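The lines below spell out each chain.
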Amino acid sequence: MYIFLIFDSYSELGPSIPIIKSLKKKNIKPLIIFFNNNILKDINKSNDLISFIKENTHIISINNIFSFFKFKFTYLKHIFNLNSYRTFKQNFFIEIFANNKSNIFTTEPLKFTLSQIKNLRNCSLYIYPHAFTIKTTKYDKYRNIDINNFYKKLKTKYKKLESLGTNVKFLVSSKDEEKYHSKFLPKNIDIKNIGNLRFPILKNFSKTIKFNKKKFRVLIILGKSFYISEKAFNNFLSKFSTFSNKNSIFIDYKLHPRDIKKQENLNYFNHTYFNKVDGILSNILKDYSLVIVNSKTSSIFEVLSFKLPVFMYYIRSNKSENRQFEYKFGNKITSLFSRYGLVDDFSNFDILLKNVIKMDNNKSYKYKILHKQIYNYNKYFNDDNDITINKLLDI
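Caption draft 1: Fine view of the overall build of the protein chain. Secondary structure summary: the protein chain contains 16 helices and 15 strands in total. Residues classed as buried in the protein chain amount to 53% of the 395 residues present. The contacts in the protein chain between residues at least 6 apart in sequence include a share of 70% that link residues at least 24 apart. Of the accessible surface of the protein chain, which amounts to about 19,600 Å², a share of 47% is contributed by carbon and sulfur atoms.

Caption draft 2: Geometry of the sheet that holds strand β8 (residues 217-221). Read across the sheet, six strands follow the order β10-β9-β8-β11-β12-β15 without closing on themselves; strand pairing throughout is parallel. Because the sheet does not close on itself, it has two edges, and the strands there are β10 (274-276) and β15 (344-345). Bridge count between β8 and strand β11 (residues 290-293): four bridges; the pairing is parallel. Paired with V218 across the strands is L290, a residue of β11. Where helix α14 (residues 349-361) meets the sheet, its contacts fall on β8, β11 and β12 (310-312), and the angle it forms with β12 comes to roughly 170°.

Caption draft 3: Here's a closer look at helix α7 (residues 147-158). Between its first and last C-alpha atoms α7 spans 17 Å; for 12 residues at 1.5 Å apiece the expected length is 16 Å, and the two agree. Listed as buried for α7 are F150, Y151, L154 and Y158. In a view along the axis of α7, the buried residues occupy a sector of 90°, so they form one face of it. For α7, the exposed residues set more than 90 degrees away from the buried face come down to N148, K152, K153 and T156. Contacts made by the buried residues of α7 are with α8 (175-181). The distance from a side-chain oxygen at the start of α7 to the backbone nitrogen of N148 is 3.1 Å, and the residue carrying that oxygen is D146.

Caption draft 4: View of helix α10 (residues 230-247). Taking 1.5 Å per residue as the helical rise, α10 with its 18 residues ought to reach 26 Å, and the 26 Å between its terminal C-alpha atoms agrees with that figure. All buried positions along α10 are accounted for by F233, N234, F236, L237, F240, S241, F243 and S244. Where α10 is buried, its residues meet β8, β9 (250-254), β10, β11 and α14.

Caption draft 5: Focus on the side chain of S244. Position of S244 among the secondary structure elements: in helix α10. Only 2.9 Å separates the side chain of S244 from the backbone oxygen of S241, close enough to count as a polar contact. In terms of polar contacts, S244 uses its side chain to reach the side chain of H271, at 3.5 Å. Setting aside residues no more than four positions away along its own chain, S244 makes contact with I249, I251, H271, Y273 and F274.

Caption draft 6: Layout of the side chain of S173. Mapping S173 onto the fold places it in the loop between β6 (168-172) and α8. Residue classification places S173 among the buried positions, given a relative accessible area of 14%. Among the polar contacts made by the side chain of S173, one reaches the side chain of E177 at a distance of 2.6 Å.

Caption draft 7: View of the sheet that holds strand β3 (residues 58-60). With parallel pairing, seven strands are arranged side by side in an open sheet as β3-β2-β1-β4-β5-β6-β7. Edge positions in the sheet fall to β3 and β7 (190-193), since each of these pairs with one other strand and no more. On average, adjacent strands in this sheet sit at an angle of 25° to one another, irrespective of strand direction. Relative to β7, β6 runs parallel, the two being bridged by four bridges. What sits directly across from L171, in β7, is K192.

Caption draft 8: Region of the structure containing the pairing of β6. Here β6 lies mainly inside the structure; five of its five residues are buried. Side-chain alternation along β6 places V168, F170 and V172 on one buried face and K169 and L171 on a second face that is also buried. Here three bridges tie strand β5 (residues 124-127) to β6, and the two strands are oriented parallel to one another. Its bridge partner being in β6, Y126 is matched across the sheet by K169.

Cut-off values and rules
Residues numbered from 1 in each chain as written. Predicted model: local features only at pLDDT ≥ 70, side-chain atom pairs only at ≥ 80, totals over all residues. Heavy atoms only, no water. Helix = DSSP H or I, 4+ residues; strand = E, 2+ residues; numbered from the N terminus. Buried < 20%, exposed > 50% of the residue type's maximum accessible area, 1.4 Å probe, protein only. Contact = heavy atoms within 4.5 Å. Areas by Shrake-Rupley, 256 points an atom, 1.4 Å probe, with all protein chains shown as cover. Pairing = 2+ DSSP bridges. Axes fitted to C-alpha atoms, helices over the stretch in contact; angles between N-to-C directions. Expected span 1.5 Å × (residues − 1). Arc of directions from axis to C-beta. Polar contact = N/O pair within 3.5 Å; in protein donor to acceptor, adjacent residues only side chain to side chain.

Read these as layout, nothing more, since geometry by itself doesn't imply function.
See the structure below:
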């Protein structure tokens, strides 16, 4: 039995899609368990994603998990002895599914309590990173943090995974990522490089870059508001709101999935040319000509896979735990996406806005930027992209 656990956000599904496709080739239809019903509501907004999930998996949510296994009614008598409803759901899952024939996939192993982790020792557990982003030790000396303390904290954070035993694989996408995780994961965790399964190499991209006649439209993909000050977050949106109205340029902004409740406080920025957009990213990218990000985000890879240029205006973190993703090159603090040439990085907001206008009016400029970014995108993935998941997972 193959089981995927989804806890808090539909973005946890992203890394699982290639694995589900591999299982499909073997006529294996896994279970997907959603511990939060709101995730299913989000997924239902994407016809492509929900169709894929329904066709290739069995969906189990909070609403139907008990009716799905009616023979477990006796377990309900324990509900009032548990500390929380979430703990109850997780305990129920473990009693039903965690046996020596189960293959469990999750991005969130730390969501389980220590006692629950010990009960998962009987199954084969596969852990994969929540977000597909750049993880490497190459530039550790440039990190904007105390590097020794950084790895020490990560070792402490993941220490409880020692209780999982030895039947655990941690799936990574590159040799660099494998080396990075080996710095802090417990020795019982078997780190496996399965290569890039999620994003396609864009072959002959020089000949296939085409700009259609659609209306120029910009998408801003926002990082978690938690990591920057509210003043900086609001100021960022305010400037773009004013700019879009003044120049009659349509700009939409997409909140991080965990910031949806923040929308009510942002409505006063909205107007004809500036509005919030919802939906799964892969469903809406076709409507845009340019994407702007304000932080490191795995969305950058997805945007480039759609052959769209990316501008970055990096807003520094005000939270020490997120500065691990900040790097200081010379006098500039930025992310590795800039270092790898996957984005065009602007530290001056006025210059950024001028280049947005240039992107609209100058086709050769747009081609030059996009050609460079896609070249670096292909180069990044071609380094070690020849490993198949079937071989490593024995599917």
